Amino acid sequence: VTYHDSCRNLRQLGVSDQPRRLLAAVRGAQVVRFEQEDFCCGFGGTFAASYPDLSEAMVQDKVDHFLATGAEVLLVSEPGCLLNIGGYLARRHPHKRAMHLASFLAGNLEGRP
Amino acid sequence: MRIRTEPFDQLATEEIEKAKARPFLKMVPEFLYRKRAEGMAGMADPAAAQALMPLLFGLGRTRDLYRACTLCGACASVCPAGIDHPKLFLAYRAKDVAGDPRFRSRPRPLGERLAFRVWSLGDRPGGRLSRRPHRALRAARM
């Protein structure tokens, strides 16, 4: 698995190491880092609707870096990022998944509410 | 969330002074930055210009400069001059939505303003629509 730093969590709340420490404690999970993991996924609220081309280019970059790691699951902790990255993965790379960190930690590997 | 706009002039002045102080290190994807930098070709410091242009040429003409931004805060986190671009862009957006002739901006279309007004009702703490999201959706569709 790998973890995407959501903008709000990282830059407003200063949450960066905590999720990774939690993941490191999960038995059987191999956590890998990926390039530009702290970059925005391109959702940005109404930005995604106002500038869909730019938004898609940004999420494409994000997903390309994720795919380069070979990880199966991309974990996020922000619903907007999950919507954006999860939607893109479902359309373009259905064999890969984006999940909420809480779902993963709870053992809900389907990632469903 | 209601955006406070009263200290806008003071905020803008502060940010402009910071922008003039020194160029800032960009951490914005290049293609996104290019989109915002369209129309600013030839300017010595596009980063500073980005903050200044809406004030110089009006919010209506420079809408992409402050709207083509996810407000992720990456630029602010590395800005050596301490410019808080997301804060400034939010202030520009609030002015633009309200429509302020001093900033050469017209109010947004009535339908859009109504839709977001309904949305804002649900955003109030304990608001009726916040407890019943399906009603907010229904109202927004009307």
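All values derive from a computational prediction rather than experimental measurement. (Residues numbered from 1 in each chain as written. Chains lettered and ligands numbered in written order. Predicted model: local features only at pLDDT ≥ 70, side-chain atom pairs only at ≥ 80, totals over all residues. Heavy atoms only, no water.)

Attention now moves to the overall build of chain B. Check the secondary structure of chain B and you find nine helices and zero strands. Per-residue burial over chain B gives 39% buried out of 142 residues. Contacts in chain B between residues at least 24 apart in sequence constitute 56% of all its contacts with a sequence separation of at least 6. A total accessible area of about 8,800 Å² is found for chain B, and carbon and sulfur atoms account for 57% of it. (Helix = DSSP H or I, 4+ residues; strand = E, 2+ residues; numbered from the N terminus. Buried < 20%, exposed > 50% of the residue type's maximum accessible area, 1.4 Å probe, protein only. Contact = heavy atoms within 4.5 Å. Areas by Shrake-Rupley, 256 points an atom, 1.4 Å probe, with all protein chains shown as cover.)

With that settled, the discussion passes to the overall build of chain A. Counting secondary structure elements, chain A contains six helices and three strands. What you see for chain A is a C-alpha radius of gyration of 13 Å, in line with the 13 Å of a compact globule of 113 residues. Judged by the C-alpha coordinates and their principal axes, chain A covers about 40 × 30 × 30 Å. Taking contacts inside chain A between residues at least 6 apart in sequence as the whole, the part at least 24 apart equals 64%. Here chain A displays about 6,000 Å² of accessible surface, and carbon together with sulfur accounts for 52% of that area. The average position of the 12 basic charges and that of the 12 acidic charges among the side chains of chain A differ by 6 Å. (Rg over C-alpha atoms; globule rule 2.2 N^0.38 Å. Lys, Arg positive; Asp, Glu negative; His and termini not counted. Charge placed at Lys NZ, Arg CZ, Asp CG, Glu CD.)

Our focus in this paragraph is the interface of chain A and chain B. Contacts between the two partners involve 14 residues from chain A and, on the opposite side, 16 residues from chain B. Between chain A and chain B lies a buried interface of about 1,200 Å² when both sides are counted; carbon and sulfur atoms form 74% of it. In terms of surface lost to chain B, no three residues of chain A exceed Arg-11, Tyr-51 and Leu-54 of chain A, which account for 40% of the buried area on that side. Inspection of the region where chain A meets chain B yields zero salt bridges. Across the contact surface, chain A and chain B share two residue pairs in polar contact (both at pLDDT 80 or more). The dominant element in the side of chain A that touches chain B, judged by the number of residues it contributes, is helix 4 (residues 52–69) of chain A, at four residues. Among the residues forming the side of chain A that touches chain B, the class breakdown is eight nonpolar, three polar and three charged. (Buried area = accessible area lost by both parts, 1.4 Å probe. Salt bridge = Lys/Arg side-chain N within 4 Å of Asp/Glu carboxyl O. Polar contact = N/O pair within 3.5 Å; in protein donor to acceptor, adjacent residues only side chain to side chain. Nonpolar A, V, L, I, M, F, W, Y, C, P; charged D, E, K, R; others polar.)

Packed helix pairs are specified by the crossing angle of their axes together with the interaxial distance, meaning the distance between the axes. All names here are of chain A. Contact pair helix 4 / helix 5 (residues 79–92): the axes reach a minimum separation of 10 Å and the direction vectors enclose 75°. With respect to each other, helix 4 and helix 5 are oriented roughly perpendicular. Where helix 4 approaches helix 5, its residues Ser-55, Glu-56, Val-59, Gln-60, Lys-62, Val-63 and Phe-66 are matched on the opposing element by Asn-84, Ile-85, Tyr-88, Leu-89 and Arg-92. Per-class residue counts for the contact of helix 4 with helix 5 are six nonpolar, three polar and three charged. (Axes fitted to C-alpha atoms, helices over the stretch in contact; angles between N-to-C directions. Parallel < 35°, antiparallel > 145°, perpendicular 65-115°, else oblique.)

Residues and elements named next belong to chain A. Position of Arg-20 among the secondary structure elements: in helix 2 (residues 17–24). A distance of 2.8 Å separates polar atoms of two side chains, one belonging to Arg-20 and the other to Asp-5. Excluding residues within four positions of it along the chain, Arg-20 makes contact with Tyr-3, Asp-5, Arg-33 and Glu-37.

Residue and element names in this part refer to chain B. Over its 14 residues, helix 6 (residues 85–98) runs 20 Å from end to end, which matches the ideal 20 Å to within 8%, given 1.5 Å per residue. Taking burial as the measure, the 14 residues of helix 6 include 10 buried ones, the bulk of the element. What helix 6 keeps buried is the set His-85, Pro-86, Leu-88, Phe-89, Ala-91, Tyr-92, Arg-93, Ala-94, Lys-95 and Asp-96. Positive backbone phi, approximately 80°, marks Gly-99, located one or two places after helix 6. (Expected span 1.5 Å × (residues − 1).)

This paragraph deals with the pairing of strand 3 (residues 97–100) of chain A. Residue and element names in this part refer to chain A. Here four bridges tie strand 2 (residues 73–76) to strand 3, and the two strands are oriented parallel to one another. Bridging from a neighbouring strand, Val-76 pairs with His-100 of strand 3. Each parallel crossover has a hand, and the one from strand 2 via helix 5 to strand 3 is right-handed. (Pairing = 2+ DSSP bridges. Right-handed = clockwise from strand over helix to strand, strands pointing away.)

Below, the discussion takes up helix 4 of chain A. Residues and elements named next belong to chain A. Its 18 residues give helix 4 an end-to-end C-alpha distance of 26 Å, which sits within 8% of 26 Å, the value for a rise of 1.5 Å per residue. Among all positions in helix 4, only Leu-54, Ser-55, Met-58, Val-59, Lys-62, Val-63, His-65 and Phe-66 are buried. With its phi angle positive at about 80°, Gly-70 sits one or two positions after the end of helix 4.

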